[in-house]
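Structural overview
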Amino acid sequence: MLKNKKGLLVLTLFLTFSLALTAGAQAEVKNMIVLIGDGLGQGQIDMARYMSEDKDGQLELMQLPNIGMMMTSSTQGVPDSAAAGTAMATGHKTKNGMVGMSPNGAELDSILDYAETLNKSTGIISTNKVTDATPAAFSVSAKSRDNEVAIAKAILNNDVDVVLGGGADEFTEEEDVVAQAQDMGYDYVTNQNELANAQASNNKLLGLFNDSYMNYKLDRDDLNSKEPSLKEMTKKAVNILSRNENGFFLMSEGARIDHAAHAADIPGVVAETLEFDETVEYAVNWAKKNGNTMVVVVADHETMGFSVTEPINKEALMNIEVSPEYMAGQMVEKEGEPGMTIESIKDVFAEYANVEMTDKEAKEFNQSIINNEGNMYYQYMIGWEIGSVIASEYSAGVLPADIRADSSTGGHTLNSVPIFAFGPESNEFNDVLDNTEFHQVLFDAFKPGN
Ligand SMILES: [Zn+2]
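Residues numbered from 1 in each chain as written. Predicted model: local features only at pLDDT ≥ 70, side-chain atom pairs only at ≥ 80, totals over all residues. Heavy atoms only, no water.

1. Some details on the overall build of the chain
If you tally the helices and strands in the chain, you get 19 helices and 12 strands. Overall size of the chain, expressed as C-alpha extent along the three principal axes, is 100 × 55 × 45 Å. The long-range share in the chain, meaning contacts at least 24 apart out of those at least 6 apart in sequence, stands at 73%. Summed over its atoms, the accessible surface of the chain is roughly 19,500 Å², and 47% of this surface lies on carbon and sulfur atoms. Within the chain, the 68 negative side-chain charges are centred at a point lying 10 Å from the centre of the 31 positive side-chain charges. (Helix = DSSP H or I, 4+ residues; strand = E, 2+ residues; numbered from the N terminus. Contact = heavy atoms within 4.5 Å. Areas by Shrake-Rupley, 256 points an atom, 1.4 Å probe, with all protein chains shown as cover. Lys, Arg positive; Asp, Glu negative; His and termini not counted. Charge placed at Lys NZ, Arg CZ, Asp CG, Glu CD.)

2. Topic: the pairing of strand E4 (residues 162-166)
Taking burial as the measure, the five residues of E4 include five buried ones, the bulk of the element. Note: strand E3 (residues 121-129) against E4, five bridges, orientation parallel. Bridging from a neighbouring strand, Ile-125 pairs with Leu-164 of E4. (Buried < 20%, exposed > 50% of the residue type's maximum accessible area, 1.4 Å probe, protein only. Pairing = 2+ DSSP bridges.)

3. A closer look at the coordination of the zinc ion
At 2.1 to 2.3 Å from the zinc ion lie its protein donor atoms, namely Asp-258 (OD), Asp-258 (OD), His-262 (NE2) and His-412 (NE2). Here the zinc ion binds four donor atoms, and the angle range of 58 to 160° at the metal identifies the geometry as irregular. Spacing between the donor residues of the zinc ion along their common chain follows D-x3-H-x149-H. In this pair, Asp-258 is assigned in helix H11 (residues 256-262) and His-412 in strand E10 (residues 412-413), connecting sequence segments 154 residues apart. Summarising the burial analysis for this pair, Asp-258 and His-412 share the class buried. (Donors = N, O, S within 2.8 Å, 3.2 Å for Na, K, Ca; no water. Tetrahedral: all angles 85-135°; square planar, octahedral: opposite > 155°, others 65-115°.)

4. So, the packing of aromatic side chains
Within this structure, the stated rule accounts for eight aromatic pairs. Measuring from ring centre to ring centre gives 5.5 Å for Phe-429 and Phe-438, while their planes differ by 40°; the resulting arrangement is tilted. Phe-438 gets classed as buried once you look at its relative accessible area, which sits at 0%. Above the face of the Tyr-216 ring, Arg-256 is positioned so that its terminal group lies 3.7 Å from the ring centre. The positively charged end of Lys-314 is found above the aromatic ring belonging to Tyr-50, 4.6 Å away from the centroid. (Phe/Tyr/Trp six-rings, centres within 6.5 Å; stacked < 30°, edge-to-face > 60°. Lys NZ or Arg CZ within 6 Å of the ring centre and 35° of its normal.)

5. A short note on the packing of helix H3 (residues 81-90) against helix H19 (residues 435-446)
Here H3 crosses H19 at 35°, and the two axes come no closer than 6 Å. Of the residues in H19, those in contact with Ala-84, Ala-87, Met-88, Ala-89 and Thr-90 of H3 are Asn-435, Thr-436, Phe-438, His-439 and Leu-442. When its residues are assigned to classes, the contact of H3 with H19 shows six nonpolar, four polar and no charged. (Axes fitted to C-alpha atoms, helices over the stretch in contact; angles between N-to-C directions. Nonpolar A, V, L, I, M, F, W, Y, C, P; charged D, E, K, R; others polar.)

6. Focus on the pairing of E3
The buried fraction of E3 amounts to nine of the nine residues, a majority that puts the element mostly inside the structure. Sheet topology note: the E3/strand E7 (residues 248-254) ladder contains six bridges and is parallel. Pairing of Gly-123 across the sheet is with Leu-250, part of E7.

7. So, the sheet that holds E7
Strands sit in the order E5-E6-E4-E3-E7-E1-E8-E11-E2-E12 across an open sheet of 10 strands; the sheet is mixed. The sheet is open, and its two edges are formed by strand E5 (187-189) and strand E12 (432-434), each paired on a single side. For this sheet, the mean inter-axis angle between neighbouring strands, taken without regard to orientation, is 15°. The sheet strands contacting H19 are strand E1 (31-37), strand E2 (66-71), E7, strand E8 (293-298), strand E11 (417-422) and E12, and the helix crosses E12 at an angle near 100°.

8. With respect to the nonpolar core
Ranked by internal contacts, the top residues of the largest apolar core, which has 129 residues, are Met-32, Phe-249, Phe-429 and Phe-438. Considering every element that reaches this core, the biggest residue donor is helix H12 (residues 266-290), with 11 residues. Composition of this core by domain shows at least three residues from each of domain 1 (30-307 + 416-446) and domain 2 (314-396). Those residues within four positions of Phe-438 in sequence are excluded, and the remaining contacts are Val-34, Met-70, Met-88, Val-296, Val-298, Ile-419, Phe-429 and Leu-433. (Core = buried A, V, L, I, M, F, W, Y, C linked by side-chain atoms within 4.5 Å. Domains from an automatic or database assignment.)

9. A word on unusual backbone geometry
Of note in the backbone geometry, Asn-119 takes a positive phi value of approximately 60° without being a glycine. Tracing the sequence through the fold places Asn-119 in the loop between helix H4 (111-117) and E3. A positive phi angle is found at Glu-425, which is not glycine, with a value near 70°. Relative to the helices and strands, Glu-425 is located in the loop between E11 and E12. The buried category is assigned to Glu-425, whose relative accessible area is 18%.

This is the structure in structure tokens:
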């Protein structure tokens, strides 16, 4: 009798232990998809939610079961994307401008590097150049984010399997990095169609869809763009990376949310955020079917202090169909002196934004696009000034242009950003985390036996 009881106890303990082990194995995070909306603060999310009629006040990302908050500072306070991405990818704060490196120049390993040690496949995607700050922070170590040809080569040498986004110039102008990639076994694609048909028989794919940044969503029709969407890139990457039975790590960035936010471009932020949100929906649906995939949706920092104000003119803003940068390209430069013709300034504001300007206002605008040395700004920065005029005209909540001008990051803020997460271990995000602690959650989720 005693013997039997003891036997039963042993059996019970054994079963409990096995169940715990099984549960542990089930909870293991095999795949990780990190979706970063650059500059996607709560204000940008609420702007997209409020301004888009067909969303019924909710975005897909808001449906995820686990929610947290992340503080975003670099060692200098308000971060740029390089330092912010480095904290999230490596768990170490650094100086603005540095990627994957400590302030004293020591190379830091990222969560992507860790995934490689576990024999997982890895991928980076960005609607920015793939050599820009956020994707670089996950895949390379560099003292300056500006040496982008070196970053292009470092990404390939770090054996990142799928690399998709903009930035073809960095791979072609100084030296033929594309040819080097092909020698290393990468398939190479340059448009939506080629991406859809890519086989990646070596499980390696390089896709560069623009010489510089990928186009704003709002401008794609006008520019006759042949680029894939963020969702299409993410889908292709998941298809290729999930061939590895050891799993994968993927970072996919909706980068132009930040760019539109710098330009105080409300319709642009809405369009880019909605495209990012479609990507979230795709990733979560894939993860639901897969069972051991963690999906985490987050920003690196907030940009321009967005808020939905009470007097905001929703209709006028949502009638705007192109980016301020595109509008800048439609203005006509003066001959023999810096600036745009008063006529073309007035025409562009009227045609694309329904803003009527007096001659005096057009002259003031012209002053705002010429720097202290008397040179006219680059097109994207003329876009910033155009966006600020429009945002002010229609009472949108954004930082004023003069505060942006005094900011080394061009208008980033220290506002904390929300985290939305799905899948095994994602309850670990239900917390107020520093950006370095965000890294720790990712790291722990991949730790074998966790
Ligand atoms: Zn930015």
